[in-house]
Each structure stands twice: as C-alpha cells, then as structure tokens.
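Results of the structural survey
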Amino acid sequence: MIKDLFSLAMRSIFTRKLRSWLTVIGIFIGITAVVALISLGLGLERTIIDQIGQIFGVDTIMIIRQPERPGAAPPLIAIDFDLIHGVEGVAAVATLRSETGFVSKVAEDDAPVRGLLTVVGLSQKMISEFQPFIGEFTLKHGRILTADDTYKAFLGHGVATQLRATIGAVIEIEDQRFEVIGILEPDPEEMRAQAGVFAGQPPVITDETIFIPFALIDELFEEAGAHFFLVKVDEGAQIAQVAEEIGTALTAAGVANAVVMTFEDIQQPISMALRAVQGFLAALAAISLLVGGVGVMNTMYTAVLERTKEIGVMKAVGAKNSHILSLFLIESGLIGLVGGVIGVIIGLLLSTGTAWAVLHFFDIEIMTVISVPLIAGAIFFSFIIGSLAGMLPARRASKLHPIEALRYE
Amino acid sequence: MSLIKLREITKDYQLGKTWVHALRGIDLTIDTSEIIAVMGPSGSGKSTLLHIVGCLDIPSAGTAQIEDIATESLNERQLVRLRGEKIGFVFQTFNLVATLSAQANVELPMIFQRVSRSRRAQRAAELLAKVGLSDRAKHRPNELSGGERQRVSLARALANDPDIILADEPTGNLDSESGNTVMELLKRLKNEEGKTVIVVTHDPEVAAFAERVITLRDGLIVKEKLND
Ligand SMILES: Nc1ncnc2c1ncn2[C@@H]1O[C@H](COP(=O)(O)OP(=O)(O)OP(=O)(O)O)[C@@H](O)[C@H]1O
Ligand SMILES: [Mg+2]
C-alpha cells in the first residue's frame, strides 16, 4: 500500500520536474550550509584537540594552583616530587619555571654585558619525558643539563650571542655564578615550550632563554615552587583515577588549592566553546531551511489546487482521506528527503574543498570529519521539514469533498 | 430483487441566502441487473441523483438503500468502503489521471482496496482486453482518443468488480460511433455479468439502450418509460 502511494507520489514529482527541483533547491541550500559548517567545525575541533594532544599528551596530568580570580595566572605551587612519585601509576614528574632575572657575564677583557633575561629552571624529566612540550634541543656547542649538574646552564642561541658567551664562560644570574655548558642552534620555530600555555603562562622562547636546573631556581628567586607540574602516567593506567589519587595525596600533604587536570579537562572547555560557535552558525544556517520549508508548503498548496480534480477522481474510485493525506505527505517528505541527500553531499564536498583550499593557500591543515550522526540527522531533519511543510496542504487535500473536487475546473 | 431503493430523497444546496432544491422527493427502485437511463434538462438534478446513489454525496432528507444498507446510517469511512467495493463511476469528461498510463489508471481503484500488485496487473490487463484496448495499456490518456479514454475509464470503473455502474453522460463528449461502442459495452456487462447500470444522458439514442428511461425535471421524476 505505502509502496504504491510512494510510486504515485514519485510519479507526480517527476511529472513536475522543474518545480520539484526548484523546491528541492530551497531545502538543499540550507542543509548544505548546515552540513558544511558543522563538518568544518568538527574538523577544526578535532584538529585543535589533536594538536593539544600532541603537545600535552593524552597520558599527561597537569597540576596547577587555583588562580585567585578566573583567568588570572595561577600562583606558584610547591610540590615535593617524591610525594607524586608515591602515587601508584605515576611514571614521571616534571616541571619548569620561567622567571625574568638579572644576568651578567663576567668579562675578562671586554666591558661587562648585563641585562634582564628569561631564566628557565628545567627539571631533568622535562627534557627526557616531556619532549613535545619543550621541543628538541639541538646543540651547537657543548651539552645540555644532566641530573648531576649544579650551577651549570645552557643558553639559547640569541641569548648566547647577546651575552657573548662561549662554552666554559661564567655568567651571573641574580648574583649566583653559573658555568655555560651548552649553546643551542638558532631556533627557527621560535616558540617551543608551550606547556605553560595551559597553565596561563606565556610560551618559552628557546632562543632567548637561559636554562638552569629547576632545583636552583628556588634559590635564585623568592618563593619556592613552579607554576605547574606535569605528571606522566604508566602505560595502561587509569588517568582519571591517578589524577584523583594525586589530588588526594596533595590534600593529605596540605598543599592547598591544587587543581589536577587531565587531557580531558583541558580539551573539554575548548570543545565546548567551539561547539557553541558551531551551534550558533548552524542555527543561522537552519533559518534558511525554514524558508525552504515554506517553499515546500507553497509547492504543495499549488499541487493540491492543481490536482483538485484528480483528488476528486481518486475519492470517487475509493480512496480514503488517509490515502490522499499520505500521498501528499509522502510527496512533500520526498522533496525534503531528496533536498537533504543532495544538501549533505554538497555540504560534505564543500567542507572537504574548503579544508583543501585552506591547506593549499594558507598551509594550515584542518581535518575533514565525515560524521555519520550529522549526515543521518541532516537527512532525517530535511525529511521532517518536508513532511511538516506538507502537513497543512495534505490535510486540505484529504478533506476535499469528492463532488466539489470533481466539479473543480 | 431491488438493489437500489430511494425514498423521498431531497437534496438542497444553500447559495448565499437562497436555497437550490436540486432534488425534491425522488422515489425510485432499481433492480439487480437492470440498465436504466436518466434524462432531463440541464439542472434537473440528474448528476445529483447519481452522486447520491454512488455514495459520493448524502441526501438532505429521505433514505437511500443499497443492497439493504441504509446509506444515511453509514459514517464517512463506511461510505468510502461501500463506494470502493460496490460502485464504479464513468464520467462525461473521463477524469483519467493524466500522469498515469491506461494500465495504471485501471489499477488505481485496486490500490485503494489493497489488491496485490500482481493480481492488480493481471486484472487490469483483463479489463483492458475486455474493452478492446490491450494494445493501448502503456499509453497515457493524452495519447488516446476520446472513445478510447472512455473505454479506459469504463475498465477502471470495473476494477473492483462493482455491482453498480454509474455513468454520467458517458457519451456526451464522443461521436455517435464511439458512443455506441461504450453503450454496447455497458449492455454486455449487464447481460453477461449482471451489472446494474445507470446512465445519465441527453441523447435519446443512448437512452434507447436502456430497459427503462426516467425523466427528471426540477428535481422530480416526471416520466417513467419502459423500452421493449
Ligand atoms: N454544489 C452546489 N451548490 C449549489 N448548487 C448546486 C450544487 N451542485 C448542484 N447544484 C444545483 O443543483 C441543480 C442540479 O444540478 P445537477 O448537476 O444535478 O444537474 P444535471 O441534471 O446533472 O444537469 P446537467 O445536465 O447540466 O449536468 C442545479 O440547479 C445546480 O445548479
Ligand atoms: Mg450533470
């Protein structure tokens, strides 16, 4: 039965090709916009999350102290490394602390060089375990810090040039002497250690930085601690559980206001913000669907009017009101459905094309996401819009009095 | 046996403040397997009468019985059902669905009675053969002559094997030869299958095919004549 009504509806759609297509256009433009926007949005979201994942690592936990006000840089937090190592599932703990210090080079022949420079205290594990955060150090001369080094430093290329420092030179940081043991290659990427960004810290510009052991930075600058600590969990460990236990351990040890964040915690607000923007854009695009729906309604009213006599005939040969109703509903639903399918296809092409163009012209890679729920949802939604728009015209058709419909000229 | 029994049928239409009395008290009994012609001037109520017999419309007053079923006691669904099962219509203007082939037009009433696809196709082919149009099954109405269209619409009227065929000026748009073909077919249906046929016509030649001719004027039967 439904199948027969379906083919009858198909027939009347196809005999009015031009009008049907024009109506379909009204639907598919809206669906195209929605699908393209959401696909791009999802791609952007996945790209960003992926990049965060690459820097931060999904098996990483960050500990910061609750900022005094939202948005403010968190204050220092001092944690004993052993305390965190004591938690089961913890593989490594690391931190870095960036400060601006008064630095001078003790010159033998020349006039002394001095300035306010960035000094970063690096814990040993930061280099060995959290390489993506800090980037790879490519040495030009000498070596980088090892666990046994004290009062040693290695310098970014820029700062070494500025201080005219060479291997073995002695520099003074906040009146404390350090021996230069390494000088890095010029860093073309400029910004490297981005870890602090998640804790509200500016990224470390390697080229302009003096690196010293973390343990010494407490000595040079007032107040102990760092802005953030990073914890790597054992392979296969439950990150959320480890994070919770760290929290418990910190509370037990009397470290106040510690916030333990996992990758999830960092990724979630970013996702939420992106989704809100996406939702807003999609809602705007969806307004055009409303216009498309009105188009379907208009087409269907015209169809009912045009086919009044046909409706009368169908009733005369035994069609029930419900048959006529379904016939017109199927017809408008089909228009919506076809619009939806075309819209999804064009929308996906559009978003893929845009991602390609962005890669091609701006060299920024945005992933393309083909979301099955989005596709199914868009097609279903356009079918519903078509059906809803056909509701009133179909009702009118089904309620026509057979005699009056037959008399209609 | 009387198949159709009309008693005191009236039908009034309101047109603004005035009333049009299309039928003003029709008493008519029609037997099974009878062929009857309804004549009368334009506006005398012939079509209205046919619509009431065909359950397309309900009388303002009076009772109409079809096979002892009083139609005024039926709700809309039941009327539709009765119409679909017992009655076939043939119209002056054919009223075929323009987008459907002859075959599909004949199948249409069977769709609404939920006849299976294969059964439908078979029956439609049989009916088209019966009206002599087997070779026109795939044609659209606009590819057929008037006489052929009317035969298709006759085949469609027969789709659900109704007991009653109601034809409203079936020859009105046809030349006399095509008209005669249609009337011959109706007569054969009556003779061979025992159908009851009511034909509205202005044409005495067409009325001559009937066994009984009634004449309406101003909504009343003014004359009733038996042909021999
Ligand atoms: N829907 C309606 N509203 C108002 N008046 C109507 C309506 N339908 C029919 N009538 C009136 O009822 C009367 C009978 O109409 P009907 O169509 O039965 O006439 P008829 O005998 O079939 O005429 P014709 O030979 O021209 O077809 C006419 O006067 C017509 O104007
Ligand atoms: Mg008439």
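What you are looking at is a predicted structure, and each value in this text was computed from that prediction instead of being measured.

**Comments concerning the overall build of chain A**
Tallying secondary structure elements over chain A gives 13 helices and 12 strands in all. Computed over C-alpha atoms, the radius of gyration of chain A comes to 34 Å, more than 25% over the 22 Å expected from 2.2 N^0.38 for 409 residues, which places it beyond the range of a compact globule. In terms of overall dimensions, chain A has C-alpha extents of about 115 × 50 × 35 Å along its principal axes. Across chain A, every contact between residues at least 6 apart in sequence was considered, and the portion connecting residues at least 24 apart equals 79%. Here chain A displays about 19,800 Å² of accessible surface, and carbon together with sulfur accounts for 61% of that area. If the 28 positive side-chain charges of chain A are averaged to one point and the 43 negative ones to another, these points end up 23 Å apart.

**A few points about unusual backbone geometry**
Comment: phi is negative for the bulk of residues other than glycine, and the bulk of peptide bonds are trans. Here E174(A), not a glycine, exhibits a phi torsion of approximately 45°, which is positive. Position of E174(A) among the secondary structure elements: in the loop between β6 (170-173) and β7 (176-184). Residue class for E174(A) comes out partly exposed when judged on its relative accessible area of 32%. Unusually for a residue other than glycine, D68(B) sits at a positive phi of about 65°. Structurally, D68(B) is set in the loop between β4 (61-66) and β5 (69-70).

**Regarding the site of ligand 1**
Close to ligand 1 lie 15 residues, the nearest being R407(A), S42(B), K46(B), S47(B) and T48(B). Within the backbone of G43(B), one N or O atom sits 2.9 Å away from an oxygen atom of ligand 1. Residue S44(B) places a main-chain N or O atom 3.3 Å away from an oxygen atom belonging to ligand 1. Here ligand 1 loses 74% of its free accessible area of 630 Å² to cover by the protein chains. Class assignment for the residues of the shell around ligand 1 results in five nonpolar, seven polar and three charged.

**What about helix α5 (residues 146-157) of chain B?**
The terminal C-alpha atoms of α5(B), which comprises 12 residues, lie 16 Å apart, in line with the 16 Å expected from a rise of 1.5 Å per residue. Most of α5(B) is tucked away: 10 of the 12 residues are buried. On the buried face of α5(B), the contacting elements are α10 (308-316) of chain A together with β6 (87-90), α3 (102-112), α4 (117-130), β7 (164-168) and α6 (176-193) of chain B.

**Some points on the sheet that holds strand β1 (residues 2-15) of chain B**
Residues and elements named next belong to chain B. Spatially, four strands are ordered β2-β1-β4-β5 in an open sheet, and the strand pairing comes out antiparallel. In this open sheet, the two strands that pair with only one neighbour each are β2 (18-31) and β5. Relative to β4, β1 runs antiparallel, the two being bridged by five bridges. Paired with K5 across the two strands is Q65, which belongs to β4. In the packing of helix α1 (residues 46-53) onto the sheet, the strands contacted are β1, β2 and β4, and the crossing angle to β1 comes to about 125°.

**Examining the nonpolar core**
The tendency in soluble globular proteins is for nonpolar side chains to be buried side by side. Among the nonpolar cores identified, the biggest contains 45 residues, and F328(A), L108(B) and F112(B) are the most heavily contacted of them. Contact partners of F112(B), with chain neighbours within four places excluded, come to M1(A), L5(A), M314(A), V317(A), G318(A), A319(A) and H323(A). Judged by nonpolar contacts, the second largest core, of 42 residues, contains V87(A), L117(A), I173(A) and L216(A).

**Examining the domain arrangement of chain A**
If you check the domain split of chain A, you get domain 1 (2-53 + 268-407) and domain 2 (67-256). When each unit is reduced to the centre of its C-alpha atoms, the spacing between domain 1 of chain A and domain 2 of chain A is 56 Å.

**Concerning the pattern of salt bridges**
All chains considered together, the criterion is met by 24 salt bridges over all chains. We note a salt bridge from E67(B) to K86(B), for which the minimum N-O separation is 3.4 Å. With a gap of 19 residues between them, E67(B) in the loop between β4 and β5 and K86(B) in helix α2 (residues 76-86) connect regions that are remote in the sequence. Taking the relative accessible area as the measure of exposure, E67(B) reaches 25% and is therefore partly exposed. Between R212(B) and E224(B) there is a salt bridge, and its shortest N-O distance comes to 2.5 Å. Taken together, the residues span a long stretch of sequence, with R212(B) in strand β9 (residues 212-217) and E224(B) in strand β10 (residues 220-226) at a distance of 12 residues. You can call E224(B) partly exposed: its relative accessible area is 46%. Shared partners join several salt bridges into a network, and the residues in it are D4(A), E107(B), R117(B) and R120(B).

Cut-offs and rules
- Residues numbered from 1 in each chain as written.
- Chains lettered and ligands numbered in written order.
- Predicted model: local features only at pLDDT ≥ 70, side-chain atom pairs only at ≥ 80, totals over all residues.
- Heavy atoms only, no water.
- Helix = DSSP H or I, 4+ residues; strand = E, 2+ residues; numbered from the N terminus.
- Rg over C-alpha atoms; globule rule 2.2 N^0.38 Å.
- Contact = heavy atoms within 4.5 Å.
- Areas by Shrake-Rupley, 256 points an atom, 1.4 Å probe, with all protein chains shown as cover.
- Lys, Arg positive; Asp, Glu negative; His and termini not counted.
- Charge placed at Lys NZ, Arg CZ, Asp CG, Glu CD.
- Buried < 20%, exposed > 50% of the residue type's maximum accessible area, 1.4 Å probe, protein only.
- Near = heavy atom within 4 Å.
- Polar contact = N/O pair within 3.5 Å; in protein donor to acceptor, adjacent residues only side chain to side chain.
- Nonpolar A, V, L, I, M, F, W, Y, C, P; charged D, E, K, R; others polar.
- Expected span 1.5 Å × (residues − 1).
- Pairing = 2+ DSSP bridges.
- Axes fitted to C-alpha atoms, helices over the stretch in contact; angles between N-to-C directions.
- Core = buried A, V, L, I, M, F, W, Y, C linked by side-chain atoms within 4.5 Å.
- Domains from an automatic or database assignment.
- Salt bridge = Lys/Arg side-chain N within 4 Å of Asp/Glu carboxyl O.

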